[in-house]
Amino acid sequence: MAVDAKAKALQAAGQHVIGFGAGEPDFPTPAHIVEAAVAACQDPANHRYTPTAGIPALREAIAVKTLRDSGYAVTASQVLVTNGGKQAVSNAFAVLCDPGDEVLVLAPFWTTYPESIALAGGVPVIVSSDERSGFRSSVEELEAAWTPRTKALLFVSPSNPTGAVYPKGEIEAIGRWAVERGIWVLTDEIYEHLVYGVAEHHSMPVLVPELANRCLVANGVAKTYAMTGWRVGWLIGPTDAITAATNIQSHETSNVSNVAQRAALAGVSGGLADVAMMRAAFDHRRQTMCKMLNDIDGVVCLEPEGAFYAFPSVKGLLGKSLRGQRPTSSAELAELCINEALVAVVPGEAFGAPGYFRMSYALGDDDLAEGVSRLAALFAEAQD
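What counts as what
- Residues numbered from 1 in each chain as written.
- Predicted model: local features only at pLDDT ≥ 70, side-chain atom pairs only at ≥ 80, totals over all residues.
- Heavy atoms only, no water.
- Phe/Tyr/Trp six-rings, centres within 6.5 Å; stacked < 30°, edge-to-face > 60°.
- Helix = DSSP H or I, 4+ residues; strand = E, 2+ residues; numbered from the N terminus.
- Buried < 20%, exposed > 50% of the residue type's maximum accessible area, 1.4 Å probe, protein only.
- Lys NZ or Arg CZ within 6 Å of the ring centre and 35° of its normal.
- Disulfide = S-S within 2.5 Å.
- Pairing = 2+ DSSP bridges.
- Axes fitted to C-alpha atoms, helices over the stretch in contact; angles between N-to-C directions.
- Left-handed = near helix turned anticlockwise from the far one by under 90°.
- Contact = heavy atoms within 4.5 Å.
- Nonpolar A, V, L, I, M, F, W, Y, C, P; charged D, E, K, R; others polar.
- Salt bridge = Lys/Arg side-chain N within 4 Å of Asp/Glu carboxyl O.
- Polar contact = N/O pair within 3.5 Å; in protein donor to acceptor, adjacent residues only side chain to side chain.
- Core = buried A, V, L, I, M, F, W, Y, C linked by side-chain atoms within 4.5 Å.
- Right-handed = clockwise from strand over helix to strand, strands pointing away.
- Parallel < 35°, antiparallel > 145°, perpendicular 65-115°, else oblique.

The tally for this structure, following the rule as stated, stands at twelve aromatic pairs. Consider the rings of F282 and F308, whose centres lie 5.2 Å apart with planes at 45°: the pair is tilted. Here the residue F282 occupies a position in helix α11 (residues 273–294), and F308 occupies one in the loop between α11 and β9 (309–310), the gap between them amounting to 26 residues. F282 gets classed as buried once you look at its relative accessible area, which sits at 0%. Overall, the relative accessible area of 0% leaves F308 in the buried class. Members of the aromatic cluster, connected to one another through ring pairs, are F27, Y191, F282, F308, Y309 and Y361. In this structure, R181 is placed above the aromatic ring of W146, and the distance from its NZ or CZ to the ring centre is 3.6 Å.

Following this line, the structure appears as structure tokens:
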């Protein structure tokens, strides 16, 4: 968001900045969802407080949608509607963590994860991976990081920032390991519908049913329905954990905006034609971006299987002379990119993975090609 803010400031000053930073679809929210929100504004029932856990119709619709999309059978009482996916994650760790409890976090990670754990008094324990494993962690690596203080595992597939998608067998193995260790799992499924090629999304509590009573699932409308600004997410889990999370939320924010909830209801109750259109566009951009990045000397980009991010390694450019500078970190190289090429990228340091860029391909085809071409021209000047 800091990178996006700088890009917008330069744009406001008249500069043509290409921004690869923002983690949101570039498509408008589907019209039928907007129309539902307009109608909700005119209904006096939405002008008053509603239950903290969410409008009953939305909680029920989320339960139905969850069974439809992932095969996970839950009841409305197991659903808490939250102010976006961030509050779902925050509530989950507030429920799970006592001071000093350790949570295994797979790196590269979304920047909010370790902060939410720390704010709840927990201790994030980073389990790193790189392109050699497809940015996926193994059971052996999780076991090596486990201690008697390990309370939970944070699992994400498809991944922000890498686009990695765990195969069914690996998800099942990790889930069974969590059961054996008696730890909780928070699985973030916000990108469930954005998978490409032969990759498939699988929900861990579906593959490992015996985990369900120690598993929380975070999700929301932001990515699937291009509704990042509407701020509607949810947390699914055992009734006692959801009750505790609801109690916390009642003191934090109370109910989510009723108008946004009504819009979300229209989204989750409808079909998936709009996301299919977005996915096809993202797939084309994904392939274009990866090919262009891999054509640049010093850049190596593993093709992502999900979400809408590429996560290229720029380690081959670090330490080289470029425009009178010699960047030694991806953060310094990213700063040079925006200053010299007017291209905004997010450095890997933000995700616990120095030496990489996160580049969103949720932008128009022309801007995508122009932005990567600018980087190619800039990096072509790099010298030992």
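The next thing to look at is the state of the cysteines. Tallying each qualifying case throughout the model produces zero disulfides. Lacking any disulfide linkage, C301 is separated from the closest cysteine sulfur, that of C290, by 3.7 Å.

Moving on, we get to the sheet that holds strand β2 (residues 79–82). One open sheet accounts for seven strands, arranged β2-β8-β7-β6-β5-β3-β4; its pairing is mixed. Sheet topology places β2 and β4 (123–128) at the edges, where each strand pairs with a single neighbour. Averaged over all adjacent pairs, the angle separating strand axes in this sheet is 20°, with direction ignored. Here six bridges tie strand β3 (residues 102–107) to β4, and the two strands are oriented parallel to one another. Looking across to β4, one finds that L104 is bridged to V125.

Packing of helix α2 (residues 31–41) against helix α10 (residues 258–269) brings their axes to within 8 Å, and their N-to-C directions diverge by 145°. Read as a crossing pair, α2 and α10 show a hand that is right-handed. Contacts from H32, I33, A36, A37, A40 and C41 in α2 reach V259, R262, A263, A266 and G267 in α10. Partitioning the contact of α2 with α10 into residue classes produces eight nonpolar, two polar and one charged.

This part takes up helix α5 (residues 112–119). Those residues of α5 that fall on the buried side of the exposure criterion are T112, Y113, P114, S116 and I117. Close packing links the buried residues of α5 with α4 (84–96), β3, β4, β5 (150–156) and β6 (184–188). Once α5 ends, the next one or two residues include G121, with phi positive near 90°.

Any two side chains of opposite charge can pair if their charged atoms end up close together. Per the counting criterion, the structure on display carries 20 salt bridges. Residue R68 is joined to D69 by a salt bridge in which the shortest nitrogen-to-oxygen separation is 2.5 Å. Note that E143 and R181 form a salt bridge whose closest N and O atoms lie 2.3 Å from each other. Residue E143 is found in helix α6 (residues 139–145), and its partner R181 is found in helix α7 (residues 168–181); the two are separated by 38 residues along the sequence. Sharing partners across several salt bridges, the network here consists of K65, R68, D69 and E192.

The subject of this paragraph is the side chain of N255. For N255, the position within the fold is in the loop between α9 (239–252) and α10. Separated by 3.3 Å, the side chains of N255 and T50 make a polar contact. Here N258 takes part through its side chain, which lies 3.2 Å from a polar atom of the side chain of N255. With near-sequence residues (within four places) excluded, N255 lies in contact with Y49, T50, P51, T52 and Q261.

Ranked by size, the top nonpolar core spans 45 residues in total, and within it L58, L153 and F155 carry the most contacts. When residues in this core are grouped by element, the largest group, six residues, is from α10. Among the nonpolar cores identified, the runner-up in size contains 41 residues, and F27, A307, V343 and Y361 belong to it.

Turning our eyes to something else, we now look at the pairing of β5. The buried fraction of β5 is high, at six of seven residues. When β3 meets β5, the two strands line up parallel, connected through four bridges. Bridge assignment links E102 to a residue of β5, and that residue is T150. Considered for its hand, the β-α-β crossover made up of β5, α7 and β6 is right-handed.

This brings us to the environment of E381. Residue placement: E381 occurs in the segment after α13 (365–379). By relative accessible area, which is 36% here, E381 ends up partly exposed. C-alpha of E381 to C-alpha of S321: the two residues are 60 residues apart in sequence and 8.2 Å apart in space. With residues near it in sequence (within four places) discarded, E381 still touches S321, L322 and R323.

This part covers the packing of helix α12 (residues 330–340) against α13. Relative orientation and spacing of two packed helices are given, respectively, by the angle between their axes and the distance between those axes. α13 packs onto α12 with a crossing angle of 110° between their chain directions and a minimal axis gap of 11 Å. Classified by the angle their axes make, α12 and α13 are roughly perpendicular. Counted together, L333, L336, C337 and E340 of α12 and L375, L378 and F379 of α13 form the full contact between these two elements.

Fair warning: the whole summary comes from geometry, so function is off the table for now.
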